[in-house]
Amino acid sequence: MGMPRPSRPVLLTTLASAGALLFTTLAPGSATADPSPGGRDILREGSPLSSTERAAKTPESAADRALGAAESPGLRSGKGRGYPREQKLTPPPANPADKSIKLGLSPYHSIAPKLNDIQGIGDRVSVEIAGRSAGGHQLYLVTVTSPESAKETARQERMRDLIENAPGTAAKDPAVKSSYKTPVFINNNIHGNEWEGTDAALKLVEKLAKAKDGKTKDLLAHNRLYFNVTANPDGRIAGTRENANGFDLNRDFITASQPEVRAMRQIAIDKQPAVMIDLHGYVNGTLIEPTTPPHGENYEYDLFLKNSYANALGMEAAVNGLGYTPEKDGVEPAIIPFRDQEEGWDDWPPIFTPQYMPFHGAVAAHTIEFPMTVNNDEYDDLSVPELRRRSAINVNIAGAAMSATLKYTQEHRTSVIADQIETFRRGATGAAQVPVSPETVPGVPGIGPEDVYTTDFPRAYVIPRGKEKGERGQRSAAAASRLVEHLLDNDVEVRRASRDFRLGGTSYAEGSYVIDMRQPKRGLANVMLADGRDISDKVSTMYDISGWSLGRLWGATVDPVKGGSLSGVRSGVVDSASRVGHVASRGALRLRLDDAREVAALNWLLARGTSVRRADDGSVILPSSARDAAVAAAKKYDVAFDATKVKGGPFVHPTRVAAAVTPGELFALREMNFDVVPVSTDALNAGFDWKKSGADALFVSAGLSYGELNAGAKAGLDAFLAGGGGVVGRGSEGAALNSDAKLLSVKAVAGNGDANGVVRVVNSGGPVTGGAPEHSFVYSPMWFTGLGSGVRVEQSYGAGNPLLSGHWRAVEGAGGPSDAAGQASVVSGAAAGSRVVLFGTEPLFRDHPKGVFPQVGRALLSVGRG
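Here the structure is a predicted model, which is why all the values come from computation and not from measurement. (Residues numbered from 1 in each chain as written. Predicted model: local features only at pLDDT ≥ 70, side-chain atom pairs only at ≥ 80, totals over all residues. Heavy atoms only, no water.)

Draft legend 1. Broad picture of the overall build of the chain. Per the secondary structure count, the chain includes 31 helices and 35 strands. Counting the 866 residues in the chain, one finds 62% classified as buried. Summarising the internal contacts of the chain: among those between residues at least 6 apart in sequence, 80% fall at separations of at least 24. Of the roughly 29600 Å² that the chain leaves accessible, carbon and sulfur atoms contribute 52%. (Helix = DSSP H or I, 4+ residues; strand = E, 2+ residues; numbered from the N terminus. Buried < 20%, exposed > 50% of the residue type's maximum accessible area, 1.4 Å probe, protein only. Contact = heavy atoms within 4.5 Å. Areas by Shrake-Rupley, 256 points an atom, 1.4 Å probe, with all protein chains shown as cover.)

Pasting the structure below:
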């Protein structure tokens, strides 16, 4: 540490004035990469529904599947069995519209027959169903290993459990060193229109099934190889990056809102890969992680960098060794960002597969980006022979990366497992992280102080439970319950106190949750519960989100306890959160609407004709006669109905929402049980009938421009507004509609378009932000000035620097957090017959900031014509 970094070729420039990132490879030749890394959209995930129509048209059953429990019958049925675990797959009907076909690749419907054939070759290949996609397609997990009896498989599982839960013992166990099979996970096609990993995996699995040589036998005797054949069959078929719900699955791992991600999460927990690679496209030359700074501060990064860099070198040699050249093939030499770039491809957020897997024990994890672009415009514009030439090259490169990874694992399996054990040991014992340096990670060039990211883990976290109303406790018991369930789903150990206790100078009630940070997966616990860090001064721009604290954004109180002993805390490990739903035994009932579940419960009640009235603070009141309905809702949504003497005001009616929004926002609205009809500029111009739609409110964030409406569409929208239809706007498009339609008298001010993170806010209370958390989330933040008569400030950015964690810089001296400080972040008012709420924050981002959802729910209910 402290040594100057050797000069790295700079392949990156920042276009600060636009808040955007330009990523340029050395000489892309005839197969140019998209301007952003891997052709990925770095400005935001949120394309409007008008251009992501599958999400709008997907039946609500897809959302229901995502909101329900993960389906993994195959994995469950494997318990107690040895290998192989062969099963006859039922192929789906042939689909001639599958986008893979044009590329000469495997359509989804061909995969099951292929796997059935491969299973029949010998006794090395097993296929299990890891779950189903949002669109209902099966997810195939293929295991390749030498045969195991049920007894041997049970022995392997005991060693796996020992490595995680008794790492000190595992480190000394000669059986672990000599006979534990190293788990390797190869993930393919998580972005549906980055196809080739699937075909490379099928080729490699078949090759391993047939091989008779000693090296293959030795490889499979000492390793278990897991292939997620296609992580996103919905997108593979449709030729889209996203799944059927419109979600980029490789942004979902901290939230796990989608069933495909929950399936991959369960694979990580059950199989505990020590090495993993994730196959993508398209960057020319082939991009092979590890990444540039900033590096995730919760990793044991010295162990991770050691193995990831070494494996990257092997993959680079294998890929370059295929003999492709810029002149002959348009293929540039491979790129390793850590070595070859200054910044722009970071591993800070744990939302990507390779950045999530280390928290379950992966000590080498990589994104691999094939070089030859075949999606988007190229898919439509290039000839079929050229597309197939390119895709064949990508398949070969993917295969080379896979084979090199298996070679590295086989040659270093003892040290790889030792490093996995050490990762868990540090967590279990509370050992300090080891900063990376030329001394701690010898053989990795260019390590400098800019690569050092560590954190101080607290001794514990407490999610408190107050004994009575008004006592210190969580803002929402429902939110605390959801957060605990999420921790448990991610294999984080949670304990519940069986008596009152005092810790870190604070008294807590019996029933409070304690997360002891001396546990193997402390890194993952800290990722979810810590505030995070403001890294605005570390790099000029970030690849994706930079702040995500679940404690701050999910609506539950989370207290870090810096020191002290837990010996006086009587507690037990839990496997589920306590249910919090209850209904007061007499009198009128109050539902707070501080949590998304409470909004969902309200909409469920309204759809069934339950009588509900508004309260001034934004909560709702049910008469005592609605107690039976409240009991059913409390049971279904695990929410509380408290006794109240408040009479309530006007009746609350169901609100049907016309929504010009991103897929993530559509999903969140459905999660809150709003009745949604997607709209867009095109839909309105095509003759959208506002009366027939039954819409009560319009939510605009993407895909609807007032200025682009034809005369008829504009007149229809104006009539809707004049007739009392309400508007909720978010971001620049919501603000533009407000301005163009001459609604609220405000000036919308845009901050740095590339900024994002967790921000401090001050809530004004009332029907929109009453009971809201003191933090929110921003991406391309906005604020409102010049407030006219009748405009109410519902929420403001905090004073000073409102950014708690994330990346938010000024651009050319403006648009930074200091400019936003104290300014209105959410405003409301009435104009032209319509009630309006405008958000400068991003309250529904990727179905993530759960505690902020109710602000949108309340806003829609307050502006609706009911």
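More follows now that the structure is in view.
Draft legend 2. Focus on the sheet that holds strand β7 (residues 275–281). Read from one edge of the open sheet, 7 strands run β3-β4-β6-β5-β7-β11-β8, paired in mixed fashion. In this open sheet, the two edge strands, each paired with only one partner strand, are β3 (125–132) and β8 (287–288). Each of β5 (182–188), β6 (223–228), β7 and β11 (364–370) touches helix α17 (residues 384–411); the most contacted strand, β7, lies at about 170° to it. (Pairing = 2+ DSSP bridges. Axes fitted to C-alpha atoms, helices over the stretch in contact; angles between N-to-C directions.)

Draft legend 3. Highlighting the environment of arginine 413. Looking at the element boundaries, arginine 413 is found in helix α18 (residues 413–429). Overall, arginine 413 belongs to the buried group, its relative accessible area being 11%. Setting aside its immediate chain neighbours within four residues, arginine 413 contacts Lys177, Ser178, Ser179, Tyr180, Thr182 and His222.

Draft legend 4. Representation of helix α4 (residues 108–119). With 12 residues, α4 extends 18 Å between its outermost C-alpha atoms, agreeing within 8% with the 16 Å of an ideal straight helix rising 1.5 Å per residue. Of all the residues in α4, the buried ones are Tyr108, His109, Ile111, Ala112, Leu115, Asn116, Ile118 and Gln119. Summarising the contacts, the buried residues of α4 are in contact with β3, β4 (138–144), α8 (196–210) and α10 (233–238). (Expected span 1.5 Å × (residues − 1).)

Draft legend 5. Quick look at the packing of helix α12 (residues 301–320) against α18. Remark: α12 packs on α18, axes separated minimally by 10 Å, with the N-to-C direction vectors making an angle of 160°. On the basis of the axis angle, α12 is roughly antiparallel to α18. For the pair α12 and α18, the crossing hand works out as left-handed. Residues Asp302, Leu303, Lys306 and Asn307 of α12 touch α18, and the partners they reach there are Val416, Asp419, Glu422, Thr423 and Arg426. Residues of the contact of α12 with α18, tallied by class, amount to 2 nonpolar, 2 polar and 5 charged. (Parallel < 35°, antiparallel > 145°, perpendicular 65-115°, else oblique. Left-handed = near helix turned anticlockwise from the far one by under 90°. Nonpolar A, V, L, I, M, F, W, Y, C, P; charged D, E, K, R; others polar.)

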